[in-house]
Amino acid sequence: MTPDGNYGMVAGKLSPTVSIIDIEKLATADDPADTIVGQPKVGLGPLHTTYDGRGHAYTSLFIDSQVVKWDIEQAVDAEKGSEEPILGKIDVHYNPGHIQAVQAMSTEPTGDWLVALNKLSKDRFLPVGPIYPDNDQLIYIGNDKDDETGGMELVADHPVYPEPHDAIFAHKDKIEPATTWDPEDYDEEFVGEEDSRIERVDDSTVEVYASVKRSEYGLREITVQEGDEVDLTVTNIEGTQDIVHGLAIPEHDVNLALAPQDTRSVTFTADEPGVYWVYCTYFCSALHLEMRSRLIVEPAD
Ligand SMILES: [Cu+2]
């Protein structure tokens, strides 16, 4: 769909054209073919079309390995099959599939950047195993120049994980992610520093609660008895974004990652007497390596 809602663009790889469908005509046309009000010939293997909000369309060409820029109203006015509406073409270095310009799937495209994602990219970047890296390229579309590319300029080239397929591209002001977890979302107790404790529930069950922050656990030692079932609940009490801590007790298959304000719990059986390190697995400060506690499992007899 064009950002103004007037046209839908359809292309199908096997025809070198894009069909421009007049959305208003869809409701009244007797013959579906009557809704097609333009059909520019854009190149080989056209797939997806995106927009800059200035009346231009950009279509990926799978077989030609290009992005083509064309004028929408000129294509409606021209004969079907005309190449006149084409304003320029730029090479990409693989077979492109989806392309997206910033906010082109909204009514407010920003008209500055376009990403072309690959469908097939076999040799652009070195393989590091049986699967080759896939690829995307960033193209600047903010200049409407009268040259071979219509002002399009390739500015970046990346290897990416297979298979990138499609993307949504928006100005960073539109993206406001949460920076910490919300304790209200949890059923588990939020374990503050003062709440760190060991509670014996019965002869064979112990509940352990510990806060987690730079660079210490709320309990320096956790002492339980051989055979105890240990219910461990821990909270990362940090309010600072991106300060993640871990809690690992490898001999008991415990390995937790805790984002800020995140609470996790795990249950294990302390079946072998001994002393086991409990330690942080995320580099969290200069004292990260000192961030540890000890699990002491006392013998039953
Ligand atoms: Cu840590």
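For the structure itself, consult the block above.
Quick caveat: nothing in here was measured; it's all calculated off a predicted structure. (Residues numbered from 1 in each chain as written. Predicted model: local features only at pLDDT ≥ 70, side-chain atom pairs only at ≥ 80, totals over all residues. Heavy atoms only, no water.)

A. Inspection of the overall build of the chain at higher detail. Helix and strand counts for the chain come out as one helix and 21 strands. Its C-alpha atoms give the chain a radius of gyration of 29 Å, clearly above 19 Å, the size a compact globule of 301 residues would have. Considered along the principal axes of its C-alpha atoms, the chain spans approximately 95 × 45 × 35 Å. In the chain, buried positions account for 43% of the 301 residues. Partitioning the contacts of the chain with sequence separation of at least 6, the portion at a separation of at least 24 is 56%. Entry remark: accessible area of the chain is about 16,400 Å², with carbon and sulfur atoms responsible for 48%. Separation of charge centres in the chain, based on 21 positive and 59 negative side chains, amounts to 7 Å. (Helix = DSSP H or I, 4+ residues; strand = E, 2+ residues; numbered from the N terminus. Rg over C-alpha atoms; globule rule 2.2 N^0.38 Å. Buried < 20%, exposed > 50% of the residue type's maximum accessible area, 1.4 Å probe, protein only. Contact = heavy atoms within 4.5 Å. Areas by Shrake-Rupley, 256 points an atom, 1.4 Å probe, with all protein chains shown as cover. Lys, Arg positive; Asp, Glu negative; His and termini not counted. Charge placed at Lys NZ, Arg CZ, Asp CG, Glu CD.)

B. Up close: the side chain of Ser65. Relative to the elements of secondary structure, Ser65 occurs in the loop between β5 (56-61) and β6 (66-71). A distance of 2.9 Å separates the side chain of Ser65 from the backbone oxygen of Tyr94, its partner in a polar contact. When sequence neighbours within four positions are dropped, the list of residues in contact with Ser65 reads Ile90, Asp91, Val92, Tyr94, Asn95 and Pro96. (Polar contact = N/O pair within 3.5 Å; in protein donor to acceptor, adjacent residues only side chain to side chain.)

C. Just the pattern of salt bridges, in detail. Scanning all chains against the criterion turns up 13 salt bridges. Across the salt bridge formed by Glu189 and Arg197, the nearest N and O atoms sit 3.1 Å from each other. By relative accessible area, which is 32% here, Glu189 ends up partly exposed. Across the pair Arg214 and Glu238 runs a salt bridge whose closest N-O atoms are separated by 2.7 Å. With a gap of 24 residues between them, Arg214 in the loop between β13 (205-213) and β14 (216-217) and Glu238 in the loop between β16 (228-236) and β17 (245-249) connect regions that are remote in the sequence. Overall, Glu238 belongs to the buried group, its relative accessible area being 7%. (Salt bridge = Lys/Arg side-chain N within 4 Å of Asp/Glu carboxyl O.)

D. Just the coordination of the copper ion, in detail. For the copper ion, the protein coordination sphere consists of His245 (ND1), Cys280 (SG), Cys284 (SG) and Met291 (SD), at 2.1 to 2.6 Å. Geometry at the copper ion is tetrahedral, judged from its four donor atoms and the angles of 94 to 125 degrees they form at the metal. When the donors of the copper ion are listed by position in the chain, the intervening gaps give H-x34-C-x3-C-x6-M. Both residues of the pair, Cys284 and Met291, count as buried. (Donors = N, O, S within 2.8 Å, 3.2 Å for Na, K, Ca; no water. Tetrahedral: all angles 85-135°; square planar, octahedral: opposite > 155°, others 65-115°.)

E. Seen up close, the nonpolar core. Of all hydrophobic cores here, the largest spans 25 residues; its most connected members are Val224, Val234, Leu247, Ile249 and Leu295. Mapped onto this core, the elements with two or more residues apiece are β13, β15 (221-225), β16, β17, β18 (254-258), β19 (263-270), β20 (274-279) and β21 (292-298). Among the elements that line this core, the one with the most residues is β13, at four residues. Sequence-distant contacts of Val224, that is, excluding residues within four places in its chain, are made with Val206, Val230, Ala270, Leu295, Ile296, Val297 and Glu298. (Core = buried A, V, L, I, M, F, W, Y, C linked by side-chain atoms within 4.5 Å.)

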